[in-house]
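Summary of structural features
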Amino acid sequence: MPPPNPTKGKAPPPLDYKPISSQYAAAKQAKAASEADHDRHVTLRERQREALEAARKKSYETRWLWTVGFWIWMLCIHLVGIAYFTSGFLLTRLILDEKSICDAPPTLNISSSPIHILPPWKGKGTVDGGCWHPKTFERAVIVLIDALRYDFTVPVGDDAAFHDAFPFMYDAAIRSPNNAFLRPFIADPPTATLQRLKGLTTGTLPTFVDVGSSFSGTAIEEDNLLMQLRDAGKRIVHLGDDTWDALFPGYFEGNLSRPYDSFNVWDLHTVDNGVVEHIFPLMGRTSEWDLLIGHCLGVDHAGHRYGPDHPEMTKKLRQMDTFVRDLAETIDDDTLLIVMGDHGMDSKGDHGGESDEEIESAVWMYSSRSVFGRTKPEFVTPPSTAKTRPVNQIDLVPTLALLLGIPIPYNNLGRPIEEAFSGPAGNSWGNLAAAERTAAAGLKRYQASYFAARNIEQATTPGSPTDLWNQAEDLVLDTKGKNKPDWAAVYSAFAAYQQETLQRCKSLWARFDLKNMILGIVIMALGVVALLVYVSRGEDDDDDIIDDPELDAAEKSLQMQGFKAEGEASPGEDLEKRMVSAALFGALPVLGGGLLQAYLSGVGDYHRGVGFAALTSIATVMVTLFESRETLFRLVPRTLWGWMAVVFTLSQSIGFASNSYTIWEDSILVFFITTFGFVTALFALRLPSLADRYLSIYHSVLFVLLGRLASFSKLCREEQMPYCTSTYYASATSSTSAPWQLAIPFLVVLILPSIVKAYLVPTRSYEGMAPTWISYAFRAGLFMSAVYWALDAVGNGNWIDGIPDKLLKNFSVYTAQTVLSLALVAGTTAFVWAPPCVSIITSATRAGHAQVTVLGYGNAHGARYLLLPLNILGACILLSKPMGGGALALMAWQILSLAEILDLNALTASPIGPVMLAVLGAFHFFTTGHQAVLSSIQWDSAFIPLFTLRYPWSPLAVALNTFAGQIVATTAVPLLVLWKVGPKKKGLLERVSRALGVLVAYYAVEALATMAWAGWLRRHLMLYRVFSPKFMTAAVALLVVDIVGIVVSLAGVRCNTMAISEVFGWAE
Amino acid sequence: MPLIDPVTMSSSIAKGAVAQAQAQAQVQSPSKGKEASWTLLPVQIKQTPAAQAARHSLPALLAALFVFRFDALVTDPVSTMITAIPAVAALQLGYALVCLPVVGSQTAKPGRKPRPGEKNLKKIVNSDGTSPNAPIATLLSLLLTLFSTPLLHAAMVLFGAPALSHTAHTLLCAAHLAVLALFPLFYAHGVDGAAWVALASFRAPLDEPFGGLAGALVGAWLGAVPIPLDWDREWQRWPVTILCGIYGGYLLGRVLGGTVGFGRRLAA
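Just so we're clear, the structure is a prediction, and the values are computed from it rather than from any experiment. (Residues numbered from 1 in each chain as written. Chains lettered and ligands numbered in written order. Predicted model: local features only at pLDDT ≥ 70, side-chain atom pairs only at ≥ 80, totals over all residues. Heavy atoms only, no water.)

Quick look at the overall build of chain B
To keep it simple, the criterion reads: Strands are runs of DSSP state E lasting at least 2 residues, helices are runs of H or I lasting at least 4, and numbering of each runs from the N terminus. Burial classes follow relative accessibility: with a 1.4 Å probe on protein chains only, a residue under 20% of its type's maximum area counts as buried, one over 50% as exposed, and anything between as partly exposed. Between two residues, a contact is recorded if the distance between any of their heavy atoms is within 4.5 Å.
Within chain B one finds nine helices and one strand. Reading the secondary structure of chain B in the N-to-C direction produces β-α-α-α-α-α-α-α-α-α. When burial is assessed residue by residue, chain B has 43% of its 268 residues classed as buried. Long-range pairs, those at least 24 residues apart, make up 79% of the contacts in chain B between residues at least 6 apart in sequence.

Digging into the overall build of chain A
Operational definition: Accessible surface area values rest on a Shrake-Rupley calculation with a 1.4 Å probe, where residue burial reflects the displayed protein chains alone.
Helices and strands together make up the secondary structure of chain A, namely 36 helices and ten strands. Contacts in chain A between residues at least 24 apart in sequence constitute 79% of all its contacts with a sequence separation of at least 6. As presented, chain A carries roughly 40,000 Å² of accessible surface, and 62% of it is formed by carbon and sulfur atoms.

What to know about the nonpolar core
Applied cut-off: We define a nonpolar core as any set of buried Ala, Val, Leu, Ile, Met, Phe, Trp, Tyr and Cys residues linked to one another through side-chain atoms lying within 4.5 Å.
By size, the foremost hydrophobic cluster in this structure holds 246 residues, and its most contacted members are A:W71, A:L752, A:L917 and B:I246. Once you skip the residues sitting within four places of it in the chain, A:L917 turns out to touch A:I895, A:L898, A:A969, A:A972, A:V973, A:L976 and A:L999.

Describing the state of the cysteines
Residue and element names in this part refer to chain A. Condition: Note on terminology: pairs of cysteine sulfur atoms within 2.5 Å are recorded as disulfides.
Scanning the model with the defined rule gives two disulfides over all chains in all. Across a sulfur-sulfur distance of 1.9 Å, C102 and C131 are joined as a disulfide pair. Sign of the S-S torsion, about -95° for the bond between C102 and C131, identifies this disulfide as left-handed. Here C131 lies in the loop between α3 (39–89) and β1 (139–145) and C102 lies in the loop between α3 and β1, a separation of 29 residues in the sequence. Residue classification places C102 among the buried positions, given a relative accessible area of 15%. For chain A, the disulfide bridges join cysteines in the arrangement 1-2, 3-4, where the cysteines are counted in sequence order.

Brief notes about helix α29 (residues 860–879) of chain A
Residue and element names in this part refer to chain A. The cut-off we apply is this: A helix is expected to span 1.5 Å multiplied by its residue count minus one.
Between its terminal C-alpha atoms α29 stretches 31 Å, which fits the 28 Å expected from 20 residues at 1.5 Å a residue. Counting buried residues in α29 gives 20 out of 20 residues, a clear majority hidden from the surface. Just downstream of α29, K881 is the residue with a positive phi angle, here 65°.

Points about the sheet that holds strand β4 (residues 258–260) of chain A
Residue and element names in this part refer to chain A. The condition that has to hold: The pairing criterion is simple: DSSP has to find at least two bridges between the two strands.
An order of β4-β3-β5-β1-β6-β7-β2-β8 is seen for the eight strands of this open sheet, with the pairing classed as mixed. Where the open sheet ends on each side, the last strands, each with one partner, are β4 and β8 (391–392). Strand direction decides the pairing type here: β1 and strand β5 (residues 291–296), joined by six bridges, are parallel. Counterpart to V141 in the pairing with β5 is L292.

Re the packing of helix α6 (residues 167–189) of chain B against helix α9 (residues 240–258) of chain B
Residue and element names in this part refer to chain B. For the record, the criterion: Note on method: axes are straight lines fitted to C-alpha atoms, helices fitted across the in-contact stretch only, with angles between N-to-C directions ranging 0 to 180 degrees. Oblique is the label for any angle not under 35 degrees, not over 145, and not in the 65 to 115 range, which are roughly parallel, roughly antiparallel and roughly perpendicular in turn.
Where α6 contacts α9, the axes come no closer than 10 Å and their chain directions differ by 10°. Relative to α9, the element α6 lies roughly parallel. On α9, the residues that touch C173, H176, L177, L180, A181 and P184 of α6 are I242, L243, I246, Y247 and Y250.

Topic: the pattern of salt bridges
Oppositely charged side chains can pair when the atoms bearing their charge come close. Residue and element names in this part refer to chain A. The condition that has to hold: When a carboxyl oxygen of Asp or Glu is within 4 Å of a side-chain nitrogen of Lys or Arg, the pair counts as a salt bridge.
Scanning the model with the defined rule gives 33 salt bridges over all chains in all. With a closest N to O distance of 3.6 Å, K135 and E138 form a salt bridge. Among the salt bridges present, the one from R230 reaches D231, with a minimum N-O distance of 3.9 Å. Judged by its relative accessible area of 35%, R230 is partly exposed. What you see here is one network of salt bridges that share partners, running through R183, R389, E418 and E419.

Here's the deal with the packing of aromatic side chains
How two aromatic rings sit relative to each other is set out by the distance from centre to centre and by the angle between their planes. Residues and elements named next belong to chain A. Convention followed: The aromatic pairing rule takes the rings of Phe, Tyr and Trp, using the six-membered ring of Trp, and pairs them if the centres are within 6.5 Å, calling planes under 30 degrees apart stacked, those over 60 edge-to-face and the rest tilted. In our convention, an over-ring charge means Lys NZ or Arg CZ found within 6 Å of a ring centre and within 35 degrees of that ring's normal.
Considering all chains together, one arrives at 39 aromatic pairs over all chains under this definition. Ring geometry for F280 versus F323: centroids 5.9 Å apart, planes at 85°, classification edge-to-face. Residue F280 is located in helix α8 (residues 270–283), and its partner F323 is located in helix α10 (residues 311–329); the two are separated by 43 residues in the primary sequence. We classify F280 as partly exposed; its relative accessible area is 25%. Accessibility expressed as a relative area gives 3% for F323, which makes it buried. Of note, R230 hangs over the ring of Y251, and the distance from its end group to the ring centre comes to 4.2 Å. Directly above the ring of F831 sits R864, whose terminal nitrogen or CZ lies 4.8 Å from the centroid.

Quick word on the packing of helix α33 (residues 964–971) of chain A against helix α36 (residues 1023–1064) of chain A
Relative orientation and spacing of two packed helices are given, respectively, by the angle between their axes and the distance between those axes. All names here are of chain A. Where we set the bar: For any pair of crossing helices, the crossing counts as left-handed if the nearer helix is rotated counterclockwise from the farther one by less than a right angle, and right-handed if it is rotated clockwise. Classes in brief: Ala, Val, Leu, Ile, Met, Phe, Trp, Tyr, Cys and Pro nonpolar; Asp, Glu, Lys and Arg charged; the others, Gly included, polar.
α36 packs onto α33 with a crossing angle of 35° between their chain directions and a minimal axis gap of 9 Å. For the pair α33 and α36, the sense of crossing is right-handed. Packed against α33, whose contacting residues are Q966, I967, T970 and T971, the element α36 presents A1037, V1040, V1041, V1044, G1045, V1048 and S1049 at the interface. When its residues are assigned to classes, the contact of α33 with α36 shows six nonpolar, five polar and no charged.

A few points about the UniProt feature "transmembrane region" (unreviewed entry) in chain B
Residue and element names in this part refer to chain B. For clarity, the threshold we go by: UniProt positions are given in the numbering used here, feature names are shortened, and annotations may be inferred rather than shown by experiment.
On the UniProt side, "transmembrane region" (unreviewed entry) is annotated at positions that read residues 81–103, 136–159, 171–190 and 210–229 here. A distance of 29 Å separates the end C-alpha atoms of residues 81–103, which is 83% helix and 0% strand. For the annotated span residues 136–159, helix accounts for 96% and strand for 0% of the residues, and the straight-line distance between the end C-alpha atoms is 34 Å.

Thoughts on α9(B)
Its 19 residues give α9(B) an end-to-end C-alpha distance of 27 Å, which sits within 8% of 27 Å, the value for a rise of 1.5 Å per residue. With 14 of 19 residues buried, α9(B) lies mostly within the body of the structure.

Digging into empty space enclosed by the protein
Residue and element names in this part refer to chain A. Filter applied, for reference: In the cavity and pocket records, a cavity denotes points on a 1 Å grid over the protein atoms alone where a 1.4 Å probe fits but cannot get out, a pocket denotes an open set with protein on both sides within 12 Å along at least 5 of 7 lines, and lining residues are residues with an atom within 4 Å of a point. Grid points are joined across faces, edges and corners, and a volume is the space filled by probe spheres set on the points.
Applying the stated criterion to the full structure yields twelve cavities of 30 Å³ or more. One number sums up the size of the largest cavity: a volume of about 160 Å³. If you trace the largest cavity, you find it lined by P105, T107, H116, I117, L118, W121, K124, W132, H133, A434, R437 and T438. Residue composition of the lining of the largest cavity, grouped by class: six nonpolar, four polar and two charged.

Section: the side chain of A:Q966
All names here are of chain A. Following the sequence through the fold, Q966 ends up in helix α33. Q966 gets classed as buried once you look at its relative accessible area, which sits at 4%. With near-sequence residues (within four places) excluded, Q966 lies in contact with G921, A922, F925, Y1003, A1037 and V1041.

Printed below as a string of structure tokens:
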């Protein structure tokens, strides 16, 4: 027999898999021809083989679909569980539809013969004279400076960029106390603009649910200041932040108002300049409006983008100083000017939570007339910190309503601000007491209807609001009869009533729906149990799937002869199918019944059907699992590794019951990562081969060192102070990167592709598309993200004069878009079409036989799959800022080391692999500059690839930035299973699905634990600071992992198996 | 076609033969590795009355020393740990000299029936001038203990100990760990590679020194647990809890390793 043409085999490896497969087939045929001489027999066998391949492919595709079906069911269970718990946990408040009416003051209903503190005034009961209180101003100008923290407005005297740049308001309050006053203005958390605007106009406390809708505001339907003004025929003009438009659609004078996009945090000036430009002409046309709102966003955006301690912040505050100074000049005698912030900002310029710095804002009122007074002379100097004499933000509502002569909105809980009613001399106690009493009466009326609507009895015990109210009313009666009435005492009595009621309301609205919470926890818990049982199909089963090539060949030939394509099924192959059928069988009747019942009864509780459907479907799935002899007993770990997986998962989740362990989660994860590395290093000594020992120890030590190195990138949360130093940004009060940090992305460009290459070369897998994709495309993407961050720094620091901001922004946004399309669009396409990372060499042996050598055969699955996580990694590195990008590069390196460790120690089937991956994902959530607090969400990442807010891309960019660690970990799950696996391995899909199950189980246990703890500790002091944000982070992370697991990992495995089997034949 | 080589699939018969040989080697080598660690014998405490007395009294003394100095440790960890080091080292030195057989004195019993001629060979090696020498072994062990301290320090930093601050704290803590857990092992096993591989991979049979090491490591690991808690207690100060864990774990491990656990193996 002649040897095959040798020149063909020596040709450079082509990049497309079609040529390889045809080449391979040709080589195979040549070899077959050299061994067998009857051609007819060969063609017959060939045809049989093709039919078998097609049948195996079809069966694989079916199994894949059922597996995906199972994971979609799991996602649904998680969604329903989380939604149920959330609906009971996040505070709800009954919204009352009643509106206040001008000629029906609340003081009317409180007793049969109402006593009035003030004598009747002209126009009483009309908007012209003042509905419930004599009116003071005809119109008002409200300038809302977003994120104006109190200490920005008072002299501090240090070098911070954000101090002493906005002195006008403070100076004016001291210079002419009767014209102006400045006081701290305390926001009720959550400190997001949308919630704050609700509070500032309705006078009620916001509830937590509203946070989710911050991206797209919803109209306020409750009684509020703007509604009262509009109903009284007043004209409202709005300039600036368009959140107002979303909250008050159709309220504003269309021809005068100028709304601006609010979420473009990169843009510091457009909104402010727009407000300044349009407000001054309006000041000369006071007959055309009654309330003018100007909402400036520059300070907030400077905080988000740079952090407070940045020259841009100084500039912004100085601009505001000039603006307010000029505006005050134009104010006439009938106009009230209010300058205020809606919330503060934390030390890095973000907000959303309830730390002191986030809730401390400032309010300043100004009138050109002598109106304001102080009840004590020492009150003239504004407090030096926001801890003294603060005003609640809801207090603005009654104050403004009474000053403008409109009714106080029905749901208001605030009280009038003292300065505005105490008269220039500061002794108009009667006026003050009247205002306070009016507000308190409104509050009492609101309480009565609220309690009636909720069927709650009001307490009448001493010290209760009812008791305090009666005392105050008695005092009014007493005082009214006296010659020299002491209205100050009356004022204090009503103030005490208001404060007590506010406290009661706060605790009342911290009311949870226990039923829903428990149902949510039960659904989650059962879901976790079902997942664990599924996962625990155990290491034993793996041994059943025999990878003996000879056996496979025998099986193949049997199948070929018998020609039974579908007949053969490996154990548990159709488990997913049975489970999905069972889930549907269990869910559909109940879901249908629930919906029907809700429809018939008309209550609208459609969610109940969903909840019970989830429960019944879990039940049927469990029955299926038990039928196929999957039991919980298998879950008890039998090896050290199994125990480690359990300890890492459980101890962490149990620890979330303590605020300390939640706060220090990042350090605990380092501890676990190092523990794993040390144990693998020690156990490597048990490996028989010396080379394996050294390699395993090397990778273990590397794994630990890289983890510890990455742990230096962190962003401390407030509670970690003073034991923590933030390194993610240039300084603790900044949100830009330090110049030295810009070197990190360039280092990543240099090192990371070479590292990846180094992991592929030992298995000869740096073949096929790998060199092009890793050394050129991936590296180019990394280089462009490094360029992006360099440009960003140039823009932030104004390093080069003369470059227009716009040009720079254009250039960097297009760079970012190129990186993302390279990584996600081109990367996915390349991954789908890429040939296996192998090279086929056909040569002649000395004996004259044809010899086919496939370089990279041993890692055919793993090497090719690696391209997919690399693409996702590329996108995440761009969006994670320089420090985070460096941390993610270290994470990728760690994952590769982990894969090697697992392979060397024969742990690929152990749950410890996916659990460590989950730990890595959780850990790198922290190294990429996040914490389990709302304020650490890097909203500005939405504008890395975009100029303006666009759905769904902006939320997607923020999600990729926030959960980069978890996402990269999830996409790497199949890598652990496929690493160093040749093309003839069977049952890979099942193994991947189970490994994914372990990873999801880690996050599901965490979500379940944080959920249970948040529910259990719902009265804990730290609920909103620690437990609630941790629960939200864990729940969202779980859903992200579920989705990425389906959309990326499982889909990736399918593409990968297709491409490998296309070349090497179907083994599955 | 038979597919054999895991890296470069090759159908050549010659390659196949190599792989077969490798596979055979792999089948054999585990048993070899097992043999090396399996022959390691637990360290027997000397049978002298002094040794038996010291074996019980010294742990009690160590415990007493720790309890006695605990308050001082909490108020000023660094200087307390410095002053305690000589005392602890002296106790451990005494323990080693009185109770432990010095390296080389405890000849390995062959695990299987000796083949003819083998015993002779062993005897020759043993009598080849490497007779146990306690003073040299002590000095060497002390030196090794000293050298291993920075390594333990590095390990603690990897576990999350402060990298840049508190250097003295961490180093002293590492020194205590070395003197307690490593010094007796150095004294008993010297630099016998096979023995150390067996010890490090936790395949060695339990005895007092090894039990002490395992206990001290587990104790140190658990000692980190209370640190993050916000109880604001003085004793949560670095590295008091770790040191507590080390001492507690070491003493417990040493006592258990020498009694109930003696000769048992932690892992198969």
